[in-house]
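# Summary of structural features
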Amino acid sequence: MPYDLEELEKFRLSGRILREAREEMRSYIKENMSVLEVCERAETLIRAKGGFPAFPCNVSINEVTAHYTSPPNDTSVIPAGSTVKIDMGVQVDGYVTDTAFTVAFNPEGRNMTATAELALKTVIDNIHDDMSTGHIGGIIETVIRNHGFKPISNLTGHSVGRYLIHAGTSIPNVASLAANKVCVGDVFAVEPFVTHYDALARVDDSPQTTIFRMVRAKSVKTAYAKQMLKYIETSFRTLPFAERWLTNIVPKQHHAEAFKELLQSKIVTSYPVFIEASRRPVAQAEHTLLIKKDGCEVLT
């Protein structure tokens, strides 16, 4: 959808904040570092720069491909020799930008990372108004396969909007006959995912969930669930959040039962953690782009 100048400036501010936070995080990630520390550092940087996290910082390690953020009291660490994807988002007055990068502590992971970044750069150099999303997927797939790797076939980039991470149109990472087109004024997050040549190159849902979103507001039974729901509505609207963001919203001894009530009543839904189906490591790169007549503006 076309945005007016004021809205585009909010996208640009969101993107600038996110870009600055991402570049600071690149040099921050180390082996054996606490995942919770990484998440909290990224989210604190975003807030300090004047934005709000559009979703919890994702720290997805090796075959974990997306949707892992630290739950409360997370004790996990970044293993030595791993491939670590950091996915971050910012919203300014609801206008969302999204970016991701990979830090690899092993040679093959670094090669996959370079390939993901090249696929993304190739899209940036070639995308334009009226290009089909299937064609964009073909560009990504060609670069990745030409470098001896595979794209993840069932993950996509996506349009973004106001209080919307996925605003309705997808950008595949493989060639397809998709008839959707990108148009001047659209804002898209493009995110190639790269894995080994011998991988199944698709993701499965794991039983683990660490990211949540409110899908509907309706009455709940207990006072503590009502209090928690009000905070979620006011603070996040329909944007994703982490359970650790709800710490101290209700008395600690009532937190688990209140949150369980919101889940069981289907007011709040969860995102499964995605795992590469053959348990092979994955690299990712992502920018948010504003589509122009003869190209794009990289917002992040």
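Everything that follows concerns the structure shown earlier in this document.
In what follows, the accompanying structure is described. (Residues numbered from 1 in each chain as written. Predicted model: local features only at pLDDT ≥ 70, side-chain atom pairs only at ≥ 80, totals over all residues. Heavy atoms only, no water.)

### Considerations on the sheet that holds strand S12 (residues 193–195)
Strand order in this open sheet of three strands is S7-S12-S16, and the pairing throughout is antiparallel. The open sheet is flanked by strand S7 (150–151) and strand S16 (282–284), the only strands paired with a single partner. By the bridge criterion, two bridges tie S7 to S12 in an arrangement that is antiparallel. Following the sheet pairing, Lys150 is matched in S12 by Thr195. Sheet strands in contact with helix H3 (residues 107–126) are S12 and S16, and its direction is about 35° off that of S16. (Pairing = 2+ DSSP bridges. Helix = DSSP H or I, 4+ residues; strand = E, 2+ residues; numbered from the N terminus. Contact = heavy atoms within 4.5 Å. Axes fitted to C-alpha atoms, helices over the stretch in contact; angles between N-to-C directions.)

### Some details on helix H4 (residues 133–146)
The terminal C-alpha atoms of H4 lie 20 Å apart, and with 14 residues this matches the ideal 20 Å at 1.5 Å per residue to within 8%. Within H4, ten of the 14 residues are buried, which leaves it mostly tucked inside the rest of the structure. Burial in H4 covers these residues: Thr133, Gly134, Ile136, Gly137, Gly138, Ile139, Ile140, Glu141, Val143 and Ile144. Count one or two residues on from H4 and you reach Gly148, which has phi positive near 85°. (Expected span 1.5 Å × (residues − 1). Buried < 20%, exposed > 50% of the residue type's maximum accessible area, 1.4 Å probe, protein only.)

### Observations concerning the packing of helix H5 (residues 223–236) against helix H6 (residues 252–264)
For the pair H5 and H6, interaxial distance at closest approach is 8 Å and the crossing angle is 70°. Taken as axis vectors, H5 and H6 run roughly perpendicular relative to one another. Here H5 runs over H6; the crossing is right-handed. The segment H5 lies against H6, with Tyr224, Ala225, Met228, Leu229 and Ile232 engaging His254, His255, Ala258, Phe259, Glu261 and Leu262. Classifying every residue of the contact of H5 with H6 gives eight nonpolar, two polar and one charged. (Parallel < 35°, antiparallel > 145°, perpendicular 65-115°, else oblique. Left-handed = near helix turned anticlockwise from the far one by under 90°. Nonpolar A, V, L, I, M, F, W, Y, C, P; charged D, E, K, R; others polar.)

### A short note on the pattern of salt bridges
Overall, the coordinates contain 18 salt bridges when judged by the stated rule. Salt-bridge contacts for Glu20 lead to Lys49; the nearest nitrogen and oxygen are separated by 3.6 Å. Taken together, the residues Glu20 in helix H1 (residues 5–26) and Lys49 in the loop between helix H2 (35–48) and strand S1 (52–53) connect sequence positions 29 residues apart. Among the ionic pairs, Arg26 bridges to Glu23, the shortest N-O distance being 3.0 Å. One end of the pair, Arg26, and the other, Glu23, are both in helix H1, three residues apart, so they sit about a helical turn from each other. Via salt bridges that share partners, Glu6, Lys10, Asp93 and Arg162 belong to a single interconnected network. (Salt bridge = Lys/Arg side-chain N within 4 Å of Asp/Glu carboxyl O.)

### Comments concerning unusual backbone geometry
One non-glycine residue, His67, lies in the positive phi region at around 75°. Given a relative accessible area of 19%, His67 falls into the buried group.

### As for the nonpolar core
Core analysis: the largest hydrophobic core is formed by 27 residues, its most contacted members being Met25, Ile29, Val38, Val59, Ile78, Ile86 and Met88. Those elements giving two or more residues to this core turn out to be H1, H2, strand S2 (58–61), strand S4 (83–92), strand S5 (95–104) and strand S15 (268–276). Of the residues forming this core, the biggest block, six residues, is contributed by H2. Setting aside residues no more than four positions away along its own chain, Val59 makes contact with Val35, Val38, Cys39, Tyr68, Val84, Lys85 and Ile86. Membership of the second largest hydrophobic core comes to 23 residues, among which are Ala116, Ile136, Phe188 and Val190. (Core = buried A, V, L, I, M, F, W, Y, C linked by side-chain atoms within 4.5 Å.)

### Overview of the pairing of S4
With ten of its ten residues buried, S4 lies for the most part within the structure. Burial of the side chains of S4 extends over both faces: Thr83, Lys85, Asp87, Gly89 and Gln91 are buried on one face and Val84, Ile86, Met88, Val90 and Val92 on the other. Sheet topology places S1 next to S4; two bridges connect them, and they run antiparallel. Bridging from a neighbouring strand, Phe52 pairs with Gln91 of S4. As defined by bridge partners, S2 adjoins S4 across four bridges and the pair is classed as antiparallel. Across the sheet, residue Val59 finds its bridge partner in S4, namely Ile86.

### Things to note about the sheet that holds S15
One open sheet accounts for four strands, arranged S3-S15-S13-S14; its pairing is antiparallel. Pairing within the sheet leaves two strands with one partner each, and these edge strands are strand S3 (64–66) and strand S14 (241–242). The pairing of strand S13 (residues 203–214) with S14 spans two bridges and is antiparallel. Each bridged residue has a counterpart across the sheet, and for Ile211 the counterpart in S14 is Ala242. Together, S13, S14 and S15 form the strand contacts of H5, whose direction differs from that of S13 by roughly 90°.

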